[in-house]
Every structure is written in structure tokens, then in C-alpha cells.
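Breakdown of the fold
In case you want the letters, here they are:
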Amino acid sequence: MPAPRAIALRTRLLAAMLGPLALVAVVVALVGATLIADVVRRTNDRVLGGALGAIAETVEVERGEVTLDLPPAAFGMLENGERDNVYYRIAVGGDLLTGYADLPAPDPADLTTDVPRFRFATYRGQRIRIAEVRRALPAIAQPVVVQVAETLDNRAALTRRLVVALLVGELLLVGIAVLLLRPALGWSLRPLARLRGAVEARDGRALPDLSPLDPGPLPIELRPLATAFDRLLAQLDTATAATRRFTADASHQMRTPLSVLKLQVALARRGEADALDEIGDAVTRLERLLTQLLSLARAEEAGAAAPFEQVDLRKVATAVISRRIAQGIEAGVDLQLDAADDRSFVVAGYWSLLFEIVSNLIDNGIRYNARGGTVTIALALTPDAVLLIVRDDGPGIPAADRTRAFERFVRLGPADGPDGSGLGLAVVRSAAERMAASVELSDAQPGLRVTLRFPAL
């Protein structure tokens, strides 16, 4: 099943920028259209009000009668390219003085004297805008109402032109923004391209280059990525170097028993009787070395760790003693377990690793002990830890050499001492670290005391 394709980063950024820009453009268009309609209305109302005032000023009283002289300029003010229809009506009370009798008339009581009022209405099937005012004339009991109205074609046309101009301007701005955003995004993503180039430049080399990247100056947003990648390279370099060193040391250590084995096989073919015993010893040493190499690899394995399980150290110690009892009897070394029966010695860890730890410590205690000696496994509790202590009666390790004792393939005993691979304590430390435990070497007077401290549950 093919992996789902992710949207390109450039496309994401372009969409993230154009989305809000388009939303802002829509909001501006809506607000602009509203403002344009209001401005057009106010502007045309001002002209319509001017015509109304010019006509209302000519209304006078002569000889007790209302007279009117319609000025042509008043209607000229309302002329426009859309040829809107213009209507007017002057009435005294309910009696029409002049104009269009069917023009929608207001209730004079709703009007304020000499204060124009504007309203929309429908007349002869068309929407119109009416300006009207009430006047009070001397010696005339009834109020005079003057109305001037026009259709809305010019207003609608002007509004459309202004809105179209606004939309065209917005489209031009958005188009220019799109044209400018693409090179701007390319410039902004250039540091990321440099970072990619610095990684790709190492591809195809005979030996992997795990040194830190050098992509040049990076923006603050990319620095954590480069730092994390450099940290990963450093961890990989450390793991690779450890693997190379481990492989070289292991091959060196295995070369000796294999050479001995090869030589003894040749002697056995010639009929040497003692050669078979030497072959058996070489095979035993090789088996022990391979076993400890596998134990160390298992203790240091990388990747996501499995969840801890609750392990009873008393059961682990008992199982190891049962496994090593024959070795102890053959070496003349007594194995003892010192653990209170009424206490629980459960820790969080892995049974297999704890078994390897105790097994390696007992094996060392037996091999470096003298006949008649004792190896004791003691379990104890403190307020914050569970202690596993292995003591022997051997020569111990000098304080100055105890740090080196945990290194791989380091043997600190005398040249004529028991055979060993120098991996026992390295296995113990690696396995203990995986379970958040600490290891400490000290004098047992005589012998060596190895103390493992596990966090209490």
C-alpha cells in the first residue's frame, strides 16, 4: 500500500497566506460595498435635498393665497446620465397645489417644520427616493407640504461602478500578492534547502560522515532541527564507534582460543593424547566468550525498551545458585544466600538481565576464589532502594583499578590467574544501567563486594 503523500511545504505556506488574504478581501468587499451604498445615498440625498429647498423657498403667500414659482434650476440639479424620472408634489393641508397627485403623501403631523425628511417608496412600479418638508406660512392655517422624488437608476449605476472598481482593485492586489509570494516563499525556504543540501552532500561517500552539519547561518526556527540532527549524528557516531571497537576487541579475543583450537586439532591428528583435553578447554573458553558477548549485546541493545516487570530478586538468586552449584562444588567454593524470609525483595526490571547479572557475579566469585572459599548473595532493604550484594573471599580489586574493571576485555588479575574474557563486569554494568540500577565495588575484607542498588517500588 503506497504511503499517503503529504502536501508540499511551499503549497502549505502559500495556502496559509492566501487563505487569510482572501478572507480579508471578502470582508473588505462587504464593508466597502456597504460604505459605497451609504456614500452614494448621502451624496444623492444632498442633491435631492438641495432641489427640495430651492422649490420650498418659492412657496409664498400673496393676497391670502399660496403661490409658487417653480425654478428650472431646481430640476436641473437632478438631471443625470441615467435619466432618472423626477416627480414633485406641493399640497396645502390635504389640497393639491401642483404636481403629481398620486405621489405617496406623508402625514403632515409626522414632519417637523422646515426639517427635510428622506424615505424610500414605490411609485408607478419603481422604487423612488422622496425628500419632503413641511412649511408654515403666515395667514395660512394649513401646513404646506413640499415633496420632490426621483427614481434610483443613477444611484444603482453609480453603486455598481464603485463596487466593481473596488472588486477589480482587490483582485489586482490579490493577484500581485500571489505573484510576489512565490519568490518570497522561495527566498524564505532557502535556509531549509541549504540544510537539505548539507545532508545530501554526504550521500554516496565510501565512509559515512557523522560530523555535525555545516549549512551556514540558519533562522531561529530551523536551529532546533539542525541541533537535533547533529545530536542524532553524535549518538550514531558513538554507537558506530562502540560497535567497531567491540567488533575489533571481540575478534582479537576470539583469535587466541581459535588459534589454540586449530593447533590442538593438528596435534590430535598426529596422535597426541593430551590434545583432546586442550581442545576441550579451548572450546569451553570460546563458549564462555561467545556467551558473554551475547549477554553484553543483549544488555546494550538499542531501541524502544519493553516495559519493566516486577521481579523477585530472591527467586533470581535461587535460580542462579541452582545453575552454578555444580561449578561451585567442582571449584570447592560454597554458595550462600542471605535474605530475610519475612521481607520482599521485588524490583522493577527484566528477569533475563537480572539472571545475567547474578550469574556473572557468582561466576567471577567462584573463578577468582580459593578452594574452601565462600560466595554469598545478600539481599537488603533501605528506605529508597533494594540492595543486591555479592561477596567473595578472593583477592579483590584494588581501589585504583575499579573503574577500569567495568571496561570490556580488561582483565586485572595476575597473568597466571584463571582464564577469563574480561566481560563479566561490563555485562553487569550495562544490564544494571538498563534497569536504572547502580553498581559499586568495595572491599569485603578479604575479597570483593559488588553492590547493586535498585530503586524501591
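Residues numbered from 1 in each chain as written. Predicted model: local features only at pLDDT ≥ 70, side-chain atom pairs only at ≥ 80, totals over all residues. Heavy atoms only, no water.

**Let's talk about the sheet that holds strand β7 (residues 144–151)**
Paired through backbone hydrogen bonds, the strands of a sheet run either parallel or antiparallel to each other. Filter applied, for reference: A pair of strands is labelled paired if DSSP reports no fewer than 2 bridges between them. Numbering of helices and strands runs from the N terminus; a helix is a DSSP stretch of H or I covering at least four residues, while a strand is a stretch of E covering at least two. An axis is simply a line fitted to the C-alpha atoms; with a helix, the fit covers only the stretch in contact. Between two such axes, the angle follows the N-to-C directions and lies from 0 to 180 degrees.
Sheet architecture is open: five strands sit in the order β4-β3-β7-β6-β5, paired in antiparallel fashion. Only two strands of the sheet have a single partner each, and these edge strands are β4 (95–99) and β5 (117–123). Looking at each pair of strands side by side, their axes are set apart by 25° on average, direction ignored. Relative to strand β6 (residues 126–135), β5 runs antiparallel, the two being bridged by seven bridges.

**What about the pairing of strand β10 (residues 346–349)?**
What counts here: Each residue is assigned to one of three classes by its accessible area relative to the maximum for its type, calculated with a 1.4 Å probe on protein chains only: buried under 20%, partly exposed between the two thresholds, exposed over 50%.
Of the two faces of β10, the one holding V347 and G349 is buried and the one holding V346 and A348 is not buried anywhere. Looking at chain direction, strand β8 (residues 309–312) and β10 are connected through four bridges and run antiparallel. Following the sheet pairing, D312 is matched in β10 by V346.

**Regarding the environment of V178**
Position of V178 relative to the elements: it lies in helix α3 (residues 153–188). The class of V178 is partly exposed, set by a relative accessible area of 27%. Separated by 161 residues in sequence, V178 and M17 have C-alpha atoms that sit 9.3 Å apart.

**A short note on the nonpolar core**
The condition is simple: By nonpolar core we mean a set of buried residues, namely Ala, Val, Leu, Ile, Met, Phe, Trp, Tyr and Cys, connected to one another through side-chain atoms within 4.5 Å. Here a residue-residue contact requires only that any non-hydrogen atoms of the pair lie within 4.5 Å.
Counting 40 residues, the largest nonpolar core has L313, I362, L452 and F454 as its most contacted members. Going through the elements one at a time, α7 (313–331), α8 (351–367), β11 (374–382), β12 (385–391), α9 (424–434) and β14 (448–455) are the ones with two or more residues in this core. When residues of this core are assigned to their parent elements, the largest contribution, eight residues, is made by α8. With near-sequence residues (within four places) excluded, L313 lies in contact with F345, V347, L354, L379, V386, L388 and F454. Core analysis: the second largest hydrophobic core is formed by 19 residues, L48, A51, A131 and V148 among them.

**Notes on helix α4 (residues 190–200)**
Note the following rule: Throughout, the arc means the angular range of directions from the helix axis out to the C-beta atoms.
Those residues of α4 not exposed but buried are P191, L195 and A198. Projected down its long axis, α4 shows its buried positions confined to an angular sector of 60°, all on one face.

**So, the side chain of T159**
Heads up, the condition is: Definition of a polar contact: a pair of N or O atoms within 3.5 Å, with one able to donate and the other able to accept a hydrogen when the atoms are protein atoms, and with sequence-neighbouring residues admitted only if both atoms are side-chain atoms.
Within the secondary structure, T159 is located in helix α3. Among the polar contacts made by the side chain of T159, one reaches the main-chain carbonyl oxygen of R155 at a distance of 2.8 Å.

**Thoughts on the packing of aromatic side chains**
Filter applied, for reference: Ring pairs shown here join Phe, Tyr and Trp side chains whose ring centres sit within 6.5 Å, with only the six-membered ring taken for Trp; geometry is labelled stacked below 30 degrees between planes, edge-to-face above 60, and tilted in between.
Tallied over the full model, the rule gives four aromatic pairs. Consider the rings of Y87 and Y100, whose centres lie 5.2 Å apart with planes at 85°: the pair is edge-to-face. Placement of the pair is Y87 in strand β3 (residues 86–92) and Y100 in the loop between β4 and β5, with a sequence separation of 13 residues. For Y87, a relative accessible area of 6% translates into the label buried. Classification of Y100 as partly exposed rests on a relative accessible area of 29%.

**Let's talk about the sheet that holds β12**
Spatial ordering of the open sheet is given by β9-β11-β12-β14-β13, a layout of five strands whose pairing is mixed. One side of each edge strand has no neighbouring strand; the edge strands of this open sheet are β9 (334–338) and β13 (438–443). Neighbour-to-neighbour, the strand axes of the sheet open up by a mean angle of 15°, direction not taken into account. The strands touched by α7 within the sheet are β9, β11, β12 and β14, with β9 carrying the most contacts at an inclination of about 170°. Contacts from α8 reach β9, β11, β12 and β14 within the one sheet, and its direction differs from that of β11 by about 140°.

**With respect to the confidence of the model for the chain**
How we decide: Per residue, pLDDT captures the predictor's confidence, and it can take any value from 0 to 100.
Confidence in the prediction for the chain averages 81 pLDDT; 84% of positions are at 70 or higher. The secondary structure element of the chain with the lowest average pLDDT is helix α6 (residues 275–299), at 64, and the one with the highest is β5, at 94.

**Notes on unusual backbone geometry**
The omega torsion across Q445 and P446 is -5°, close enough to zero to call that bond cis. For P446, the location among the structural elements is in the loop between β13 and β14. Phi is positive for D114, which is not a glycine, with a value near 65°. By secondary structure assignment, the location of D114 is in the loop between β4 and β5. Since its relative accessible area comes to 52%, D114 is described here as exposed.

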